[in-house]
Each structure stands twice: as structure tokens, then as C-alpha cells.
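Overview (structure and organization)
Residue strings, one per chain:
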Amino acid sequence: MTCRPNRSSLRRRASFVPRDPAALPTYNHGLHMQYELINTPAFLASLLAIYIPGTLINLFVLITFALNHKTILKSRLDRITCALVAHSFVWSLGRTVIEVLLATNLASQADPVAACFTSMMMVGLFSFNLLLAMERWFSIRDLEGRTYYKIVYVVLALCDLALLGAFATSPSSDGVKPDSKFQESLWTVVASITFLGCTLGSACLYTATYRYATRLFDESPRTVVFFLVPRNKRNNVFARGGPVDVDRTQLDAGQLARVRLRAERQVLINCCLMGAGVLVAYSPFFLFELVRFVGGVTELVDGFRGEREFWWVACFFVAVDSWVTPGLVLYYRRDVRRCLVKCGV
């Protein structure tokens, strides 16, 4: 007597097997477990040791802007700087909460909400740094530039909408990008446009700012004094028609050469610091994700033994940016430093 299989049970089993391989679940359980092993208690504690002080520094700078808004929030450059610090505060505070939830096992690495928040905050930081570079260029050229600001805002809104849609329709095993192929490709396009576009755009703008400043020094040598006077005394330095002498300062050739060298060095250092800040902080992270996207997760895990260490370094550099943004603001803005000390924050 031969046992025949139960056809109804076979049909029930077959109903759970997708015919199309593309219909298989996209959640990568192995990758999720791998990142759970990477997020060791010591690693999460080190990130919290960076994010918590970064959150406090950003908060102190924001309080300083709020208490002294009548004196240090006069120009559009001041408002963009304040918005950048506010964005950095939200970013560092959000990552602090996420790291605490991971350390206490109240959340997992595969949290699409945390992944979406991280991606949107990064896109915002890149955009605000680009706006800062644009405003510095427009200020020195005495241009308005409202149309270009609107373009940046529209692109930022579209990128945020694309990220929201990608994470709403796909899980995220690694807590960074979606798992589904289309959503992953969309995330990669958005990240590449914002990171590479904003980084290269900022570098070009700061380079153009430095070159234009040196050209001003050649055309009007006494213009160098403008870059050495305090910010609160620069209101009448530039007339509408172009640069003018500052208080008719009398300088001989030797003094003028020394002042010019100092001014050029100051402009060059400022441009290099502002342009390199975002690039250095986020390059390891995006290089890591680019390698994974091009080579594939399986090939990387099998062939790249230093993935855990590379991931640690990338996360460390990203976390340090919570210090870099307010630190650069305090470095450039002497008036903010004075108000910070005056307020006793």
C-alpha cells in the first residue's frame, strides 16, 4: 500500500512559497544579526560619550542665539548659521536617544524610523552647509541669490519626500538604508546627490570666495583691512558700489603687505575649514555604504574582514560632527563667543 500525499496540504504549503524570487522578503536577517554584534556596549558607550556633550554644546550655542538675537541675528548669514546649529542640535539629540535605546535593548538596529531620521538629518546638514557657502559667496559679491536658495529648498524637500517614501515601503536591516532594491537605489541616488553635490558645491564656492577676495586685494589693497576688523564694525566697510577704505587707514607698503598676508591666510584657513568639515566627517560613512552598494553585502562580508572596524571609524567620524558644527561657529563668530561667556552658559 502506497501513501499518497495529501493534495490539500501540498496546496497550502505551495501557497506560502512565492513563485517569483523577487517576491521573497527583503529583510536581511543575517545582516541584522551582524550589526547587532557590531554594536557592542563599549562601542555604544563611546558614541554616547560623543553625542551627549555635542548635544549640550549645540544647546548652549542655540540659547546664546536666542538670548542675543537682536545683536547676533541681523543678517541672512547669521540666520543660516543659527539654523545650521539648530539642525545639528536635533541631529545630536536624536542620535543620543537612538544610541540609548540600542544600549538598553529597547530598539534594534533594524529600526526604519531611526534609519529615516538619520538619513534626513544628514541630508539637511549637507544642505545647510551648502547654503552657508552660498551666502558667503553672495555676501562678498554683494548679490541677492534668492532664486538659488529656493532651488536648494525645493531639492531638499524632494529628497526628504523620497527618503520618507523609501523607508515607509521597505524594511531596513542595517538601520542605514532600505533593503529593497529600488528603495536602496533611490537612497543611494539621494545620498550621492546631497553629499557629493553639496560637498563639491561648497568647495567650489569657497574656492571662488578666496579667489575673489585675493582679486579685491589686488584691485584695492586697503580692502584687506575689512577682513581684519570685528564683525560689528563692518556695516559701513562696503558701500553699495564696491569696497572703500576703512576709516581712511594710513598704511605704508610694508605694513600693507603684512596685513594682506594675514588677511589672505585668514580667508584661506576659513575656506579650507568650512569646506573640509563635512567632507572629513562623512566621507568614511559614505565610502563604506558605496562599497557595500557596489560590491554587494555578501561579497563584502565574506571578503572584507575589517568591516566592523571600518564601520566603527565611520560612525565615530559622523558623531564627531556634532562637535565640529558648533565648534566652527564659535571659532568664526567672536560675537557669539562673547555673548556665550556673558550669559554664563
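Just so we're clear, the structure is a prediction, and the values are computed from it rather than from any experiment.

The rules behind these values
- Residues numbered from 1 in each chain as written.
- Predicted model: local features only at pLDDT ≥ 70, side-chain atom pairs only at ≥ 80, totals over all residues.
- Heavy atoms only, no water.
- Patch = residues over 30% accessible without salt bridge, like charges linked within 9 Å, V, L, I, M, F, W, Y side chains within 5 Å.
- Areas by Shrake-Rupley, 256 points an atom, 1.4 Å probe, with all protein chains shown as cover.
- Salt bridge = Lys/Arg side-chain N within 4 Å of Asp/Glu carboxyl O.
- Helix = DSSP H or I, 4+ residues; strand = E, 2+ residues; numbered from the N terminus.
- Buried < 20%, exposed > 50% of the residue type's maximum accessible area, 1.4 Å probe, protein only.
- Arc of directions from axis to C-beta.
- Core = buried A, V, L, I, M, F, W, Y, C linked by side-chain atoms within 4.5 Å.
- Contact = heavy atoms within 4.5 Å.
- Lys, Arg positive; Asp, Glu negative; His and termini not counted.

**Overview of a nonpolar patch on the surface**
Taken together, Ile52, Leu56, Leu59, Phe60, Ile63 and Leu67 make up a surface patch of nonpolar side chains, about 490 Å² in accessible area. Secondary-structure assignment places Ile52 in helix H3 (residues 41-67).

**Focus on helix H12 (residues 334-343)**
Residues of H12 that are buried include every one of Val336, Cys339 and Leu340, and no others. For H12, the buried positions fall inside an angular range of 105° around the axis, keeping them on one side. Exposed and facing more than 90 degrees away from the buried side of H12 are Arg338, Val341 and Lys342.

**A short note on the nonpolar core**
In terms of nonpolar packing, the biggest core is built from 61 residues, with Trp91, Met122, Phe126, Met134, Tyr282, Phe285 and Phe286 touching the most fellow members. Put simply, the parts of the chain that give this core at least two residues each are H3, helix H5 (76-103), helix H6 (112-141), helix H7 (146-168), helix H8 (181-219), helix H9 (253-295) and helix H11 (307-332). Among the elements that line this core, the one with the most residues is H6, at 17 residues. Setting aside its immediate chain neighbours within four residues, Phe126 contacts Thr194, Phe195, Cys198, Val278, Tyr282 and Phe286. One finds Leu62, Ile72, Cys82 and Val329 within the second-largest nonpolar core, a separate group that totals 12 residues.

**Observations concerning the side chain of Asp160**
Looking at where Asp160 falls in the secondary structure, it is placed in helix H7. Arg95 is the oppositely charged side chain nearest to the buried, salt-bridge-free Asp160, at an N-O distance of 15 Å. Look past the residues within four positions of Asp160 in its chain and what remains in contact with it is Met120 and Val123.

**So, the pattern of salt bridges**
Summed over the entire model, instances satisfying the criterion amount to six salt bridges. Glu99 is the partner of Arg95 in a salt bridge, and the nearest nitrogen-oxygen pair spans 2.5 Å. Here Arg95 pairs with Glu99, and both are found in helix H5, just four residues apart, close to one helical turn. Taking the relative accessible area as the measure of exposure, Arg95 reaches 13% and is therefore buried. Classification of Glu99 as buried rests on a relative accessible area of 2%.

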